[in-house]
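Spelled out from the first residue to the last, the chains are:
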Amino acid sequence: MEQIMNETMSKYFNPETTASIKVMEGTHAASQAVKLARVKVISAYPITPQTSIVEKLSELCASGEIDAEFIKVESEHSAMASVVGAESAGVRSFTATSSQGLALMHEILHWAAGARLPIVMVNVNRALAPAWNIWVEQTDSLAQRDTGWIQFYCESNQEVLDMVLQAYRLAEQVMLPVMINLDAFFLSHTSEPVALPKQELVDQFLPPYNPKYKMELEGGHAFGGLAMPDSYMELRYKMQKSMEEAERLIPIVAEEYDHIIGRHHGTFLENYRVADADYLLMTSGTISGTSRIVVDSYREKGIKLGMIKVRTFRPFPTKAIREAVKNAKKVGVIDRNISFGQSGIFFSEAKAALYNAEHRPLMNGYVAGLGGRDVTPETISEIVDHLIASEKGQDLIWIGVKK
Amino acid sequence: MSQQLIDIPEVELMGKGHVACPGCGSTVAMRFVLKALGEETMAVIPACCWTIVDGPTPSSVLKIPVMHTAFETAASAASGLKHGLDARGEKNTTVMAWAGDGGTFDIGFQAISGAAERNEDIIYFTYDNEAYMNTGVQRSSATPEGAWTTTTPTKTPKNKPKKDIVEALAAHHIPYIATASIAFPEDLIAKVKKAKEIRGMKFIHIISPCPPGWKSLPNDSIRLARLAVETKIFPLYEVEDGWKYHITHESKGTPVKEYLKAQGRFNHLTDADIENIQKTMDRKWKMLKMKEKLSLEEMEVLD
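1. A look at the overall build of chain B
- Each helix and strand counted, chain B has twelve helices and eight strands in total.
- In terms of overall size, chain B behaves like a compact globule, its C-alpha atoms giving a radius of gyration of 18 Å where 303 residues would be expected to give roughly 19 Å.
- Summarising its shape, the C-alpha atoms of chain B cover approximately 60 × 55 × 40 Å along the three principal directions.
- Residues counted as buried form 59% of the 303 residues belonging to chain B.
- Excluding contacts between residues fewer than 6 apart, the proportion of contacts in chain B whose partners are at least 24 apart in sequence is 69%.
- Carbon and sulfur atoms form 56% of the exposed surface of chain B, whose accessible area is close to 12300 Å².
- Positive and negative side-chain charges in chain B, numbering 36 and 38 respectively, have mean positions lying 5 Å apart.

2. Structural notes on the environment of B:Thr150
Residues and elements named next belong to chain B.
- Here Thr150 lies in the loop between β4 (123-128) and α7 (165-170).
- Residue class for Thr150 comes out partly exposed when judged on its relative accessible area of 41%.
- C-alpha of Thr150 to C-alpha of Ile247: the two residues are 97 residues apart in sequence and 34 Å apart in space.
- Beyond its immediate chain neighbours, meaning those up to four positions away, Thr150 contacts Gly136, Val137 and Gln138.
- Within polar-contact distance, the side chain of Thr150 engages the backbone oxygen of Val137 at 2.6 Å.
- Within polar-contact distance, the side chain of Thr150 engages the side chain of Gln138 at 3.4 Å.

3. Regarding helix α13 (residues 377-389) of chain A
Residue and element names in this part refer to chain A.
- Over its 13 residues, α13 extends 18 Å from the first C-alpha to the last, a length consistent with the 18 Å expected when each residue adds 1.5 Å.
- Along α13, the residues that are buried comprise Thr379, Ile380, Ser381, Ile383, Val384 and Leu387.
- On the buried face of α13, the contacting elements are β11 (279-283), α10 (287-300), β12 (305-310), β14 (330-335) and β15 (362-367).

4. Considerations on the sheet that holds strand β10 (residues 269-272) of chain A
Residues and elements named next belong to chain A.
- Spatially, six strands are ordered β10-β12-β11-β14-β15-β16 in an open sheet, and the strand pairing comes out mixed. The sheet is open, and its two edges are formed by β10 and β16 (394-398), each paired on a single side. Between one strand axis and the next, the sheet turns through 20 degrees on average, direction left out of account.
- Along the sheet face, helix α12 (residues 345-355) touches β11, β12, β14, β15 and β16 and points at about 165 degrees away from the line of β15.

5. A short note on the interface of chain A and chain B
- Facing the 35 residues of chain A at the interface are 40 residues of chain B.
- Between chain A and chain B, roughly 2700 Å² of surface is buried when both sides are summed, and carbon and sulfur atoms account for 64% of that area.
- It is A:Met215, A:Leu217 and A:Leu226 in chain A that bury the most area against chain B; as a group they hold 25% of the surface buried on that side.
- Counting the contacts that link chain A with chain B gives one salt bridge.
- Notably, a salt bridge pairs B:Arg118 with A:Glu74, separated by 3.2 Å at the nearest N-O pair.
- The interface formed by chain A and chain B includes twelve residue pairs in polar contact (both at pLDDT 80 or more).
- Elements with a contribution of two residues or more to the side of chain A that touches chain B: β3 (69-71), α4 (76-88), α5 (99-114) and β9 (222-223) of chain A.
- Counting residues per element, the side of chain A that touches chain B draws most heavily on α4(A), at eight residues.

6. Notes on the sheet that holds strand β5 (residues 176-181) of chain B
- One open sheet accounts for nine strands, arranged β9(A)-β2(B)-β1(B)-β3(B)-β4(B)-β6(B)-β5(B)-β7(B)-β8(B); its pairing is mixed. This sheet does not close on itself; its edge strands, each paired only once, are β9 of chain A together with β8 (244-247) of chain B.
- With four bridges connecting them, strand β7 (residues 237-240) of chain B and β8(B) associate as antiparallel partners. Across the sheet, B:Glu240 pairs through a bridge with B:Lys244, a residue of β8(B).

7. Some points on α5(A)
Residues and elements named next belong to chain A.
- Taking 1.5 Å per residue, 16 residues should reach 22 Å; α5 reaches 22 Å between its end C-alpha atoms and fits that length.
- Along its length, α5 shows its largest kink, about 60 degrees, at His106.
- Along α5, the residues classified as buried are Ser99, Gly101, Leu102, Met105, Ile108, Leu109, Ala112 and Ala113.
- Buried residues along α5 sit against α4, β4 (93-98), β5 (120-125), α6 (139-142), β7 (178-183) and α9 (232-261).
- With its phi angle positive at about 60 degrees, Arg116 sits one or two positions after the end of α5.

The rules behind these values
Residues numbered from 1 in each chain as written. Chains lettered and ligands numbered in written order. Predicted model: local features only at pLDDT ≥ 70, side-chain atom pairs only at ≥ 80, totals over all residues. Heavy atoms only, no water. Helix = DSSP H or I, 4+ residues; strand = E, 2+ residues; numbered from the N terminus. Rg over C-alpha atoms; globule rule 2.2 N^0.38 Å. Buried < 20%, exposed > 50% of the residue type's maximum accessible area, 1.4 Å probe, protein only. Contact = heavy atoms within 4.5 Å. Areas by Shrake-Rupley, 256 points an atom, 1.4 Å probe, with all protein chains shown as cover. Lys, Arg positive; Asp, Glu negative; His and termini not counted. Charge placed at Lys NZ, Arg CZ, Asp CG, Glu CD. Polar contact = N/O pair within 3.5 Å; in protein donor to acceptor, adjacent residues only side chain to side chain. Expected span 1.5 Å × (residues − 1). Pairing = 2+ DSSP bridges. Axes fitted to C-alpha atoms, helices over the stretch in contact; angles between N-to-C directions. Buried area = accessible area lost by both parts, 1.4 Å probe. Salt bridge = Lys/Arg side-chain N within 4 Å of Asp/Glu carboxyl O. Bend = angle between axes of the 7 residues up to and from the residue.

This is the structure we're talking about:
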């Protein structure tokens, strides 16, 4: 056990690159990343369970630890609109939200991406009302699928910190905004040891932001004006090309981060015992950690189970998924989200990704854990047993609904 | 008069070729405002007539940088831009928001209230043409009582009074608020120049005649902008710190009928309706005069 711990510790907490190791909540990990990224303008509005990000950043700004302008806006809509304004001035900006707040921002999410502003936002995945519910569910961010934002999903507080830093590096190269998602409470309010990398190494990884185009007195540019049908489509084509460029850069940025900071969380997917697996679970967020334990317990019974943790939702990891499932017989996707009238959202995306693939395994879509309902090892075992027994694929299987 | 006109800066920061309707008050307003603000200015323009008036990409009729933004975000996007410029050390640039009445009185009101309460260092202009003109004349909360619009047809004209945006902003105790009219350019320019020198939130409300929406003649816009003031419908005044009222032009008290009769949007009004409007405007003027008197007295006490 001690040896395992040491291996884990050395994997995550490289003493040469680490300034300190602190036990902190996911929201504080996000806030510390904002400090390390030398963000210049912060604008945010509190919402449970994101609130402690706003509070922590207020503290860090008040104490002078962060040298940033903090706009304490009256709504999430204004939070996103004001970071759009700040980024237009060519300075690195940050905001954070959750659930209803993200839904309120929706219009300006399109604007941020269309204006090609590399804003980074942390979203704490929380269920949408009604009924009021402050617990984890991913429908809030997945509903922003077509806004032009790059999206990552995290499994640990360390990953939250590391991904905020990588997000700026990526965003500022492709000029698209990035959303870093973490689960309400299971990450946002759960304390874990987090290694804070040395500032000078972060500076080396993330150079100062200096965009080619910004609001400047010289030149008299107009941004975001009317584009007629003869020019609008090209702007959208370029956004897609930048998304494709993001797909190329995500592994490179992860490598650079590993090289300088000494930590790697995978790229599009994190594959766990996948190579020889007959059966695969596809997960995201904190369900992944629980699934790993289940994978191990089935392996002990001689059942070749593996797990794919999906880390990016946009760009969607089509190629990586095709590669990861190429030897699998059956794939069960666990979705903590639902697109009403269809199925779990990761499921429908993954299924679509495999339609043109050479190897198409049987696929089941499981919806579980909505509104923060616990997804325990027993829940996941129920899913695995169902998957193994399945003779043909089913798009929507509800897990744990009370009859 | 001619002596005062000399004070109008010669600089032209609005080029030729805007695509506004003939007789549009907002183009005249923009030209004067930019003369007053000068080159170190950036504009934030939400959805409004000026989204179109500025010209399609890649053209812009303005010689200053422009950031177009979503309908309800003029105040919030301008706040962010100002903070961004501050963060990059460019503290002398004036950030102006330039919005219509819909983006100000209605959909953008929350963002303005937020920016005002935070006392953001921006100048917010609303060019008020008293309805959603860019979408083809639908009522806004800035539409005056009794007016026709496409959503308040003549059988049921608007039966709610125009929202008093100046009083709403005054309640936020911001450093500077002013009303202005394109028929009084010296007054307008003086107010804009004054606003530029004040730190914190400034709000300038400009009456902006709209021939297609008001059903008036394009060559009548300046006269209507003058009549709005002289009839006491749109008095010219300033409010500093939310309580110091100062009337900058003594309205003559021209009968409101003269103003209303020049606009087709009021054609259906009866003499009794007009009489009611006259009474309302007289009362409002009286109240304004009282506020000015009270604030002068209070300032003397403070001195």
